[in-house]
Amino acid sequence: MNDENNGIAISEVTTRLRGQTILDAVTLHIKPGSVHALVGMNGAGKTTLMRNLLGILRIDSGQIRLLGSP
């Protein structure tokens, strides 16, 4: 199996809310079975990224793939 089709692949994701850029060209690749943490200051975009991953909040540009599916 190809690692590109597994795990989480976030490529150049940008999210804007009310005219403000919240995430700007975020790229992240996480292989299946690995453990990661999102750490950052308040307002860094951690919750926005999670909402994007869950499909609760749409992205303005870029691509998110979970287990190979958009």
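The chain is annotated in an unreviewed UniProt entry as ATP-binding cassette domain-containing protein from Corynebacterium antarcticum.

Regarding the UniProt feature "domain: ABC transporter" (unreviewed entry) in the chain
UniProt records the feature "domain: ABC transporter" (unreviewed entry) at residues 23-68, using the numbering of this structure. Taken as a whole, residues 23-68 contains 20% helix and 30% strand, while its terminal C-alpha atoms sit 22 Å from one another.

Some details on the pairing of strand E1 (residues 8-17)
With seven bridges joining them, E1 and strand E2 (residues 20-30) adopt antiparallel strand pairing. Pairing of Ile 8 across the sheet is with Ile 30, part of E2. Two successive antiparallel strands, E1 and E2, enclose a turn made up of two residues, where Arg 18 displays a positive phi of approximately 50°. Relative to strand E3 (residues 61-66), E1 runs antiparallel, the two sharing five bridges. Among the inter-strand pairings, Ile 8 is bridged to a residue of E3, identified as Leu 66.

Thoughts on the sheet that holds E3
The three strands lie next to each other as E2-E1-E3, forming an open sheet whose pairing is antiparallel. Bordering the open sheet on either side are E2 and E3, each of which pairs with just one other strand. With direction set aside, neighbouring strand axes in the sheet form an average angle of 25°. Taken strand by strand, helix H1 (residues 46-54) contacts E1, E2 and E3, and its axis lies near 115° from that of E1.

Regarding the side chain of Thr 48
Within the secondary structure layout, Thr 48 lies in helix H1. A relative accessible area of 11% means that Thr 48 is categorised as buried. Excluding anything up to four places from it in sequence, Thr 48 contacts Thr 15, Ile 22, Leu 23 and Leu 57.

Considerations on H1
Helical periodicity: at 3.6 residues per turn, an α-helix aligns residues three or four positions apart in one direction. Regarding H1, the residues found buried are Thr 48, Leu 49, Asn 52 and Leu 53. The arc enclosing the buried residues of H1, seen along the axis, measures out at 140°, which places them on a common side. In this structure, the buried side of H1 is in contact with E1, E2 and E3. In the stretch just after H1, Gly 55 is the one whose phi turns positive, near 80°.

What counts and what doesn't
Residues numbered from 1 in each chain as written. Predicted model: local features only at pLDDT ≥ 70, side-chain atom pairs only at ≥ 80, totals over all residues. Heavy atoms only, no water. UniProt positions renumbered as here; feature names shortened; annotations may be inferred. Helix = DSSP H or I, 4+ residues; strand = E, 2+ residues; numbered from the N terminus. Pairing = 2+ DSSP bridges. Axes fitted to C-alpha atoms, helices over the stretch in contact; angles between N-to-C directions. Contact = heavy atoms within 4.5 Å. Buried < 20%, exposed > 50% of the residue type's maximum accessible area, 1.4 Å probe, protein only. Arc of directions from axis to C-beta.

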